[in-house]
Amino acid sequence: MAQKNMSNQNLFAALRAAFPSDLDAIAVETVEADGPGLRYSWRDLDRATAMMANLLASLALPEGSRIAVQVEKSVEAMVLYLASLRAGYVFLPLNTAYMSAEIEYFIGNAEPAVVVCSPKNFGWVSKIAFSAGTQHVFTLGDDRSGSLLERAAHCSDQHAPAVKKTDDLAAILYTSGTTGRSKGAMLTHGNMLSNARVLHDYWGFRKGDVLIHALPIFHVHGLFVAIHAALLNGSRMIWLSRFDPATVASRLPEATVFMGVPTLYVRMLGEPGLTKAASRNMRLFISGSAPLLIETFNDWKARTGHTILERYGMSETVMLTSNPYQADKRYGGQSERRGGTVGFPLPGVSLRVRGDDGRDLPVGEVGAIQVKGPNVFSGYWRMPEKTAEEFTADGYFKTGDVGRVDERGYVTIVGRSKDLIISGGYNVYPAEIEGYLNELPGVAESAVVGVPHADFGEVGVAVVVARPGARVSPEALIASLKAKLANFKIPKRCVVVAELPRNTMGKVQKNLLREQYRDIAA
Ligand code: MCA
Ligand code: AMP
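Since the structure is predicted, the reported quantities are computational estimates derived from the model, not experimental observations.

Calculation criteria
Residues numbered from 1 in each chain as written. Chains lettered and ligands numbered in written order. Predicted model: local features only at pLDDT ≥ 70, side-chain atom pairs only at ≥ 80, totals over all residues. Heavy atoms only, no water. Pairing = 2+ DSSP bridges. Helix = DSSP H or I, 4+ residues; strand = E, 2+ residues; numbered from the N terminus. Near = heavy atom within 4 Å. Polar contact = N/O pair within 3.5 Å; in protein donor to acceptor, adjacent residues only side chain to side chain. Areas by Shrake-Rupley, 256 points an atom, 1.4 Å probe, with all protein chains shown as cover. Nonpolar A, V, L, I, M, F, W, Y, C, P; charged D, E, K, R; others polar. Buried < 20%, exposed > 50% of the residue type's maximum accessible area, 1.4 Å probe, protein only. Contact = heavy atoms within 4.5 Å. Arc of directions from axis to C-beta. Salt bridge = Lys/Arg side-chain N within 4 Å of Asp/Glu carboxyl O.

Enquirer: What am I meant to see in the pairing of strand β17 (residues 367-372) here?
Expert: Pairing of strand β16 (residues 350-354) with β17 involves five bridges; the strand directions are antiparallel. Within β17, the position partnered with arginine 352 by the bridge is glutamine 370. Here four bridges tie β17 to strand β18 (residues 397-405), and the two strands are oriented antiparallel to one another. Across the sheet, residue glycine 367 finds its bridge partner in β18, namely glycine 403.

Below you can see the structure in the form of structure tokens.
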């Protein structure tokens, strides 16, 4: 025990220890539209992360400093994440779609010591960062341009990973609140390393695995689940800077593992190159971040011969449940991947379903999903009250998801108690959009609801009531939102109505709106 406490629990140290002994082997190969991809060896990753970690260390930042990053996807952007871990700082990834008001909030709230942005955004991002007290703003382009790499090029390529304890912070991920502003979920080195090890084992990672990485790297799925799994296995990644179904299909024969949100699977099914022959070397297709429709699950099986493995997680908890990859001894050796379910709680995760009265519900009954485990975050950044509200007295985290566990142990998510829309794997909080809409001239009130959409699974529809005598145009409202909010948050439809349906308590009945407009985006 004493020895465990003394050893370095830095997540980077564990990932680095898993690099293959042949450091000249290829770790990452990029896919380029015009010509051959770039190849990065394991030695390149080691040296580049050391140089960047030394650059960060040279800034003499206080312990626990946040490194906020809003850059396009590139291998160097992944290196920056790994360097932040290596140097012992707290990584704060930001969606590239966020616009100035959103970035202003995150930077103001997290008070990062370092901000890294795309060269094209330096003007407005640096203005926000400097006014919030950030001392260092660097740029990083997806073509290896920018001041970050220029400065790191002068640093040593030797660096001993900072010594970290299990509960030291490694990252903050902002997740929008049902009411009010986004909350920063604080994840520790221990949260992420324990989860990465469990997934590595549960999903049967083995020598020779090759991962196609096609997800963005500013959320848990692409940044943690995919990258940690590949690195912890010393596996090569085929790296797409943005998802493209034809490209993925054409590279499948070289790969063994693919991870995607349901929209990626839906789009790939529309790609003629997706065949059994193309998937012949594949071992595992993993889906998560949003519900996978049973039609997609079945169509995929018919088309490729592979059964998608669906799993479930959150920014606050990393991964919680997974369908089995192989027989799970804890559940009587069951190995079936059941469509429509998210599988079993992962080893080490304790999951329970509670009723409104706070009691555990019997098998099959639907209630609130609560979880506990080494993967569960340490709280919301500078929001002790919110943190306290989201945990039960006996230390379970309230996920806000509603579901049941069947007699075989499979967990099914049937809904959410939180008012949230998941669109193409991105979370959209109606309260945030309604807040913006209600501020627009002529708007009396609004309600944003999620409705089914063939490509994104679910999209937002804005239902708006005009002020007496005011004339509002749906197109103008959408245009105003587009000027202020990340593009994926923009409702795909907007309708103006005389009034919103309310119950006797005066609460807007969103379920009625969802029903009324369920075909509007189909
Ligand atoms: C783009 N648009 C969207 C979305 N993405 N609208 C709603 N939802 C979206 N997800 C907008 C664009 O701004 C554009 O609007 C229009 O839709 C069409 O864009 P398109 O070119 O089709 O989009 P794209 O650039 O191809 O992106 C689609 C995508 C992307 C590849 C599916 O959204 C994506 O990479 N999603 C993955 C998200 C993800 O990684 N989530 C994991 C979160 P306009 O034309 O008006 O500008 S981690 C998580 O949830 C937990 C922890 C977990 O369990 O993993
Ligand atoms: P995020 O805030 O981005 O971490 O999103 C986490 C939420 O995504 C969870 O609370 C779930 O509501 C949802 N989610 C993730 N994976 C799945 C899945 N496989 N099926 C249904 N919902 C999911």
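Enquirer: Would you take a moment to explain the site of ligand 1 for this structure?
Expert: In the region of ligand 1, 25 residues are neighbours, and Arg267, Ser289, Arg311, Ser423 and Lys492 sit closest. The separation between a nitrogen atom of ligand 1 and a polar main-chain atom of glycine 424 is 3.0 Å. A distance of 2.9 Å separates a nitrogen atom of ligand 1 from a polar backbone atom of glycine 425. For ligand 1, whose free accessible area comes to 1,000 Å², the fraction covered by protein is 75%. In the shell around ligand 1, the residues fall into ten nonpolar, ten polar and five charged.

Enquirer: What is the right way to look at helix α5 (residues 100-110) in this model?
Expert: Residues that lie three or four places apart on an α-helix share one face, since the helix turns once every 3.6 residues. Inspection of α5 places Glu102, Ile103, Tyr105, Phe106, Ile107, Asn109 and Ala110 among the buried residues, and these make up the whole buried set. In this fold, the buried residues of α5 make contact with β3 (66-70), β4 (90-93), β5 (114-117), α6 (122-131), β7 (169-175) and α14 (430-439). Residue glutamate 111 follows α5 closely and has a positive phi angle near 45°.

Enquirer: Can you help me understand helix α12 (residues 294-304) in this one?
Expert: Taken residue by residue, α12 has Thr296, Phe297, Trp300 and Thr304 as its buried positions. Looking straight down α12, one finds that the buried residues subtend no more than 100° of arc, so they occupy a single side. Taken together, the buried residues of α12 touch α11 (262-269) and β12 (284-287).

Enquirer: Hey, could you run me through the pattern of salt bridges in this one?
Expert: Side chains that carry opposite charge are capable of pairing whenever their charged atoms lie near each other. Taken as a whole and judged by the stated rule, the model has 27 salt bridges. Between glutamate 432 and lysine 489 there is a salt bridge; the shortest N-O distance is 3.1 Å. Taken as a pair, glutamate 432 in helix α14 and lysine 489 in the loop between α15 (474-482) and β24 (493-497) lie far apart in primary sequence, 57 residues in all. The pair formed by glutamate 432 and lysine 489 is uniform in burial state, with each residue classed as buried. A single salt-bridge network, built from bridges that share partners, covers Glu29, Arg39, Arg236, Arg251 and Glu254.

Enquirer: When you look at the site of ligand 2 in this model, what are you seeing that I'm missing?
Expert: Neighbouring residues of ligand 2: 15 residues in total, closest Arg311, Ser315, Asp401, Lys418 and Asn427. Separating an oxygen atom of ligand 2 from a side-chain N or O atom of aspartate 401 is a distance of 2.6 Å. Summarising the interface, the protein chains cover 91% of the accessible area of ligand 2, which totals 500 Å² for the free molecule. The greatest single-element share of the shell around ligand 2, amounting to five residues, is contributed by strand β13 (residues 309-314). The residue makeup of the shell around ligand 2, split by class, is six nonpolar, four polar and five charged.

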